[in-house]
Amino acid sequence: MRALIVDDDSRFRRVTAIALEEAGFEYEDVADGESALAVLEERAPGHFDVVLLDIEMPGLSGWDLLLAIRETGRETPVIFVTGRETVQERVRGLRSGADDYLVKPVEYEELVARVDAVVRRRRSLPTIHWEDLSLDLARRVVERAGSPVELSPREYDLLFALVQADGEPRSRQALLCEVWDMDFDTETNVIDVHIGRLRKKLNRLGTSLIETVRGEGYRMIRPD
């Protein structure tokens, strides 16, 4: 298992790294949010099993870093480990998409236990299949016939919505609402553009799995 430690306190990073190593984790550590973003962009989605994140750091704050992580579509578990201890900040952290919130100073046995719990909870998400296609919901990783398919966050969400429909057509409006959170009529062709890109990536590894249903939208099919 791999952890990314993001904190401007070098002593905290060092002691946390020791505790995680003793628990069997590999780790990387950085001192600020910008460096963390750079590391995450260099690594494939799912590379890290957990991010341990401080809030008050020079430059990009922990709040902003978490938002940036979630906006890229990465669902890596994030645990805030911070000196900010008010109930309002705990609530804000959890509502912002963090999986847990710990207040410094921490007991390192508890920290490791919280990390284990968060990772186990996320890993319990299933892998779903459609023909030779698999979607690992925990890591948001897609494979076809055993080969990885590199998708953008929107493409992944679009594919997941179609697979979840189990062969029933999904209208453009329904997909806009579910994937883009647009609950109003629009003339945008964003669905068609993303479907085109998604088809191209999937079709490199096999026959077409997405069908256009005239007047209804799109659906997943099972090739003969």
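Conventions we followed
Residues numbered from 1 in each chain as written. Predicted model: local features only at pLDDT ≥ 70, side-chain atom pairs only at ≥ 80, totals over all residues. Heavy atoms only, no water. Phe/Tyr/Trp six-rings, centres within 6.5 Å; stacked < 30°, edge-to-face > 60°. Helix = DSSP H or I, 4+ residues; strand = E, 2+ residues; numbered from the N terminus. Buried < 20%, exposed > 50% of the residue type's maximum accessible area, 1.4 Å probe, protein only. Lys NZ or Arg CZ within 6 Å of the ring centre and 35° of its normal. Core = buried A, V, L, I, M, F, W, Y, C linked by side-chain atoms within 4.5 Å. Contact = heavy atoms within 4.5 Å. Axes fitted to C-alpha atoms, helices over the stretch in contact; angles between N-to-C directions. Parallel < 35°, antiparallel > 145°, perpendicular 65-115°, else oblique. Nonpolar A, V, L, I, M, F, W, Y, C, P; charged D, E, K, R; others polar. Pairing = 2+ DSSP bridges. Polar contact = N/O pair within 3.5 Å; in protein donor to acceptor, adjacent residues only side chain to side chain.

Student: Could you give me a rundown of the packing of aromatic side chains, with the residues and numbers involved?
Tutor: Within this structure, the stated rule accounts for three aromatic pairs. An angle of 40° between the planes, with centres 6.5 Å apart, marks the rings of F12 and Y108 as tilted. Taken as a pair, F12 in helix α1 (residues 10-22) and Y108 in helix α5 (residues 108-123) lie far apart in primary sequence, 96 residues in all. Residue class for Y108 comes out partly exposed when judged on its relative accessible area of 23%. Pairwise contacts between aromatic rings join W63, F80 and Y101 into one cluster. In this structure, K104 packs its charged tip against the face of F12, placed 4.4 Å from the ring centre. Against the face of W130 rests R222, its NZ or CZ located 3.8 Å from the ring centre.

Student: Run through the nonpolar core, naming residues and quoting values.
Tutor: Of all hydrophobic cores here, the largest spans 27 residues; its most connected members are L133, L135, V142, L159, I191, I210 and M220. At the level of elements, β6 (127-130), β7 (133-136), α6 (153-164), α7 (172-179), α8 (190-203) and β11 (217-220) are the ones that each hand at least two residues to this core. The biggest single contributor to this core is α6, with six residues. Ignoring sequence-local partners within four residues, the contact set of I210 consists of L162, I195, L198, R199, L202, Y218, R219, M220 and I221.

Student: Run through the environment of L67, naming residues and quoting values.
Tutor: In this fold, L67 is placed in helix α3 (residues 62-71). A residue is classified by how much of its surface remains accessible, and L67, at 47% relative accessible area, is partly exposed.

Student: Lay out the packing of α7 against α8 in plain terms, naming residues and giving numbers.
Tutor: How two helices pack is summed up by the angle between their axes together with the distance between the axes. The geometry of α7 relative to α8 is characterised by a closest axis approach of 10 Å and an angle of 85° between their N-to-C directions. Classified by the angle between their axes, α7 and α8 sit roughly perpendicular to one another. Contact residues: α7 offers R172, L175 and L176, while α8 offers V190, I191 and D192. Partitioned by chemical class, the residues of the contact of α7 with α8 number four nonpolar, no polar and two charged.

Student: Explain the pairing of strand β10 (residues 210-213) residue by residue, including any values.
Tutor: When β10 meets β11, the two strands line up antiparallel, connected through four bridges. Considered in β11, the bridge of E211 is made with R219. The antiparallel pairing of β10 with β11 creates a hairpin that spans three residues between the two strands, and G215 there sits at a positive phi of about 80°.

Student: Give me the lowdown on the sheet that holds strand β8 (residues 141-144), citing residues and values where you can.
Tutor: Spatially, the four strands line up as an open sheet ordered β6-β7-β8-β9, and their pairing is antiparallel. Looking at which strands have only one partner, the edges of the open sheet turn out to be β6 and β9 (147-149). For this sheet, the mean inter-axis angle between neighbouring strands, taken without regard to orientation, is 30°. Sheet analysis places β8 next to β9, joined by three bridges and oriented antiparallel. If you follow E143 over to β9, its bridge partner there is P148.

Student: Before we move on, could you go through the side chain of D7 and cite the residues and values that matter?
Tutor: Relative to the helices and strands, D7 resides in the loop between β1 (2-6) and α1. Taking the relative accessible area as the measure of exposure, D7 reaches 0% and is therefore buried. Among the polar contacts made by the side chain of D7, one reaches the main-chain amide nitrogen of D9 at a distance of 2.8 Å. With near-sequence residues (within four places) excluded, D7 lies in contact with F12, R13, V30, A31, D54, M57, V81 and K104.

Student: Go over the environment of W63 with me, naming the residues and quoting the values.
Tutor: Along the chain, W63 turns up in helix α3. Sequence separation between W63 and P105 is 42 residues, and the spatial gap between their C-alpha atoms is 20 Å. Setting aside anything within four residues of it in sequence, one finds W63 in contact with I55, F80, R84, E89, R92, G93 and S96.

Interpretation note: all reported values are geometric properties and have no functional meaning in isolation.
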